[in-house]
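# Remarks on the overall topology
Here is how the chains run, residue by residue.
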Amino acid sequence: DDLAEKDALSSRLRVAEREKVKVEEDLKETQRKLRETERRVEEMTSERQSEQRRLPTAGDSKHGASEAELRKQRETVRKLQEDNDDLRAELNAFDAAFFDEIEDLKYNHNEMVKLVDRYETLLQHLSTKYGFDFSPAAPGRRSRT
């Protein structure tokens, strides 16, 4: 019964570790996207300021074309700001409780590894005593993070 429970817990832990790795990768990608979007917003803001400095005076005949370009740039900045807000909201989904849960999973995993080691030691002893074959899992197969 303890072995079945150990197997079930080990299985759940492996799934949780895979999920943790995926979430960490997603977090890194989201952070990268956020940095990229912030960089693009800064570029667009700088370009917009440059364009505003080059805008003709109200009496200039080129005023209509510059106004269209300004509207286009405003729309681009608005879209980038929306992207930035969306990425920030996605990043905020990872609160301190999430990372605490990851730490708890790591601790539980380490405890299970210790338990498996004790079971393997006991099985080796019993196999010698009662004459049956037992080969423990390879030492490198379980991580002790």
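Remember, it's a predicted structure, so these values are computed and weren't measured experimentally.

For the protein chain, per-residue confidence averages 84 on the pLDDT scale, and 87% of positions sit at 70 or higher. Ranking the helices and strands of the protein chain by mean pLDDT puts helix α3 (residues 96-130) first, with 91, and helix α2 (residues 63-92) last, with 85.

With that out of the way, let us pick up α3. Taking 1.5 Å per residue as the helical rise, α3 with its 35 residues ought to reach 51 Å, and the 51 Å between its terminal C-alpha atoms agrees with that figure. Taken residue by residue, α3 has Phe-98, Ile-102, His-109, Met-112, Val-113, Val-116, Glu-120 and Ser-127 as its buried positions. Buried residues along α3 sit against α1 (2-54). Downstream of α3 by one or two residues, Gly-131 has phi in the positive range, about 75 degrees.

To continue, consider the packing of aromatic side chains. Evaluated as defined, the whole model comprises two aromatic pairs. Between Phe-98 and Phe-99 the ring centres are 5.0 Å apart and the planes differ by 80 degrees, which places this aromatic pair in the edge-to-face class. Each residue in the set Phe-94, Phe-98 and Phe-99 is aromatic and connected to the rest through ring pairs, giving one cluster.

On the surface, Asp-95, Asp-100, Glu-101 and Asp-104 cluster together into a negatively charged patch. Mapping Asp-100 onto the fold places it in helix α3.

It is worth spelling out a nonpolar patch on the surface at this point. Among the surface-exposed residues, Leu-123, Tyr-130 and Phe-132 lie close enough to one another that they form a single nonpolar patch of about 300 Å² accessible area. Within the element layout of this structure, Leu-123 appears in helix α3.

A separate point is the pattern of salt bridges. A complete count under the given rule lists 12 salt bridges for this structure. Glu-24 serves as the salt-bridge partner of Lys-20, at 3.7 Å between the closest nitrogen and oxygen. Here Glu-24 and Lys-20 lie together in helix α1, a separation of four residues that amounts to about one turn. Classification of Lys-20 as buried rests on a relative accessible area of 18%. Judged by its relative accessible area of 31%, Glu-24 falls in the partly exposed class. Here the salt bridges share partners, and the residues they tie into one network are Glu-36, Arg-39 and Glu-43.

Conventions used here
- Counting starts from 1 at the beginning of each chain's written sequence and moves along it residue by residue.
- Confidence filtering applies because this is a predicted model: local features only for residues at pLDDT of at least 70, side-chain atom pairs given and counted only at 80 or more, and all residues used for totals across whole chains, interfaces and linings.
- Computation of side-chain values: all heavy atoms of the structure, hydrogens and water removed.
- Confidence of the predictor at the level of single residues is given by pLDDT, which spans 0 to 100.
- A run of DSSP states H or I qualifies as a helix once it reaches four residues; a run of E qualifies as a strand once it reaches two. Both are numbered from the N-terminal end.
- Expected helix span is computed as 1.5 Å times (number of residues minus one).
- Only protein chains enter the accessibility calculation, which uses a 1.4 Å probe. A residue is then buried if its area is under 20% of the maximum for its type, exposed if over 50%, and partly exposed in between.
- The contact criterion used is simple: two residues touch if any of their non-hydrogen atoms lie within 4.5 Å.
- Two rings from Phe, Tyr or Trp (for Trp, the six-membered ring) form a pair when their centres sit within 6.5 Å of each other. Planes less than 30 degrees apart are called stacked, planes more than 60 degrees apart edge-to-face, and all others tilted.
- Every patch collects residues that have over 30% relative accessible area and no salt bridge, joining them within 9 Å if they carry like charges and within 5 Å if they are nonpolar side chains (Val, Leu, Ile, Met, Phe, Trp, Tyr).
- Note on areas: Shrake-Rupley with a 1.4 Å probe; residue coverage comes only from the protein chains shown.
- We count a salt bridge whenever a side-chain nitrogen from Lys or Arg sits within 4 Å of a carboxyl oxygen from Asp or Glu.
- Counted as positive: Lys and Arg. Counted as negative: Asp and Glu. His and the chain ends are not counted at all.
- Where a charge lies is defined by one atom per residue type, namely NZ (Lys), CZ (Arg), CG (Asp) and CD (Glu).

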